[in-house]
Amino acid sequence: MATSASGRPRGALERQVLACLGAAGRPLTPGEVLADLGGGLAYTTVMTTLSRLHAKGALTREQTGRAYAYALPGDQADVGASVTAHRMRRLLDAGEDRAGVLARFVANLSPEDEQLLADLLARPVREADR
C-alpha cells in the first residue's frame, strides 16, 4: 500500500475526515474536525483535506462566519458514488473523443449494468442528481 510523506497510508486522512463528518451528523468547521481527529495534525492540513474533498464532490460546505462548515452530501454510499462520478467526469473531460469514450464505456458494460444505465436514463432527472 502506498504511503504519503507523513507515513500515513494514502487516502487514510480523507477516510478519517469522512468518518468524522459522518459520525457528527452535522456540518463541522476545520477546527472542529481537527479537534475530533487530534493526532498532532496541522490546521492547514485538515483545511486542505476538507477543501480537496469538497472539490471532488465528496462534501458540501456552507459559510459560517469566516470559515466554512463541511458536511457529507448524503450517507456514506452517496459519498462514494459522488467521488467516483467526479473522477469519471474528470477523465471524460480530459479526452478529445467524448462520443467514442462513452460508446466504448457502454459497450464494455455487463448486461446487468447496461440495463441499470437504461433504467436510470429512462427516469425523470431530479435536481439533486445533477
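Since the model is a prediction, treat every value here as computed from it, not as a measurement.

A.B. asks: So, the pattern of salt bridges: which residues are in play, and what are the values?
C.D. replies: Evaluation of the coordinates by the stated rule reveals four salt bridges. A salt bridge links Glu14 to Lys56, with the nearest nitrogen and oxygen atoms 2.9 Å apart. Of the two residues, Glu14 sits in helix H1 (residues 12-24) while Lys56 sits in the loop between helix H3 (43-55) and strand E1 (60-64), which places them 42 residues apart along the sequence. Its relative accessible area of 24% is what places Lys56 among the partly exposed residues. A salt bridge links Glu32 to Arg26; the nearest nitrogen and oxygen atoms lie 3.5 Å apart. According to the relative accessible area criterion, Arg26 is partly exposed, its value standing at 45%.

A.B. asks: With reference to specific residues and values, describe a nonpolar patch on the surface.
C.D. replies: Together, Met88, Phe105 and Val106 make up an exposed nonpolar region whose accessible area comes to about 250 Å². On the secondary structure map, Met88 appears in helix H4 (residues 76-94). For Met88, a relative accessible area of 42% puts it in the partly exposed group.

A.B. asks: Can you explain helix H2 (residues 30-37)? Please cite residues and give values.
C.D. replies: Looking only at H2, the buried set comprises Pro30, Val33 and Leu34. An end-on view of H2 places all buried positions within 100° of arc, on one side of the element. For H2, exposure combined with an orientation more than 90 degrees from the buried face picks out Ala35 and Asp36. Residues of H2 that are buried in the fold lie against H1, H3 and strand E2 (67-71).

A.B. asks: If you had to explain the pairing of E1 to someone new, which residues and values would you point to?
C.D. replies: Pairing of E1 with E2 involves five bridges; the strand directions are antiparallel. Its bridge partner being in E2, Thr64 is matched across the sheet by Ala67. The loop that links E1 with its antiparallel partner E2 comprises two residues; one of these, Gly65, has a positive phi angle of about 70°.

Thresholds applied
Once a new chain begins, its residue numbering starts again from 1 and follows that chain's sequence as written. For a predicted model such as this one, the threshold for reporting local features is a pLDDT of at least 70, and the threshold for listing and counting side-chain atom pairs is 80 or more; totals across whole chains, interfaces and linings nevertheless cover every residue. With hydrogens and water set aside, each side-chain value is computed from the structure's full complement of heavy atoms. The term salt bridge refers to a pairing of a side-chain nitrogen on Lys or Arg with a carboxyl oxygen on Asp or Glu at a separation within 4 Å. Each helix is a run of H or I in the DSSP string that is no shorter than four residues. Each strand is a run of E no shorter than two, and both are numbered from the N terminus. Relative accessible area decides the class of each residue, using a 1.4 Å probe on protein chains only: under 20% of the type maximum gives buried, over 50% gives exposed, and in between gives partly exposed. Patch rule: a residue counts if its relative accessible area is over 30% and it has no salt bridge; like charges are joined within 9 Å, and nonpolar side chains (Val, Leu, Ile, Met, Phe, Trp, Tyr) within 5 Å. The Shrake-Rupley method, run with a 1.4 Å probe, gives the accessible areas here. Residue values count only the displayed protein chains as cover. The directions considered for the arc are those from the helix axis to the C-beta atoms. Whether two residues are in contact is decided by their heavy atoms, any of which lying within 4.5 Å being enough. We call two strands paired when DSSP finds no fewer than two bridges between them.

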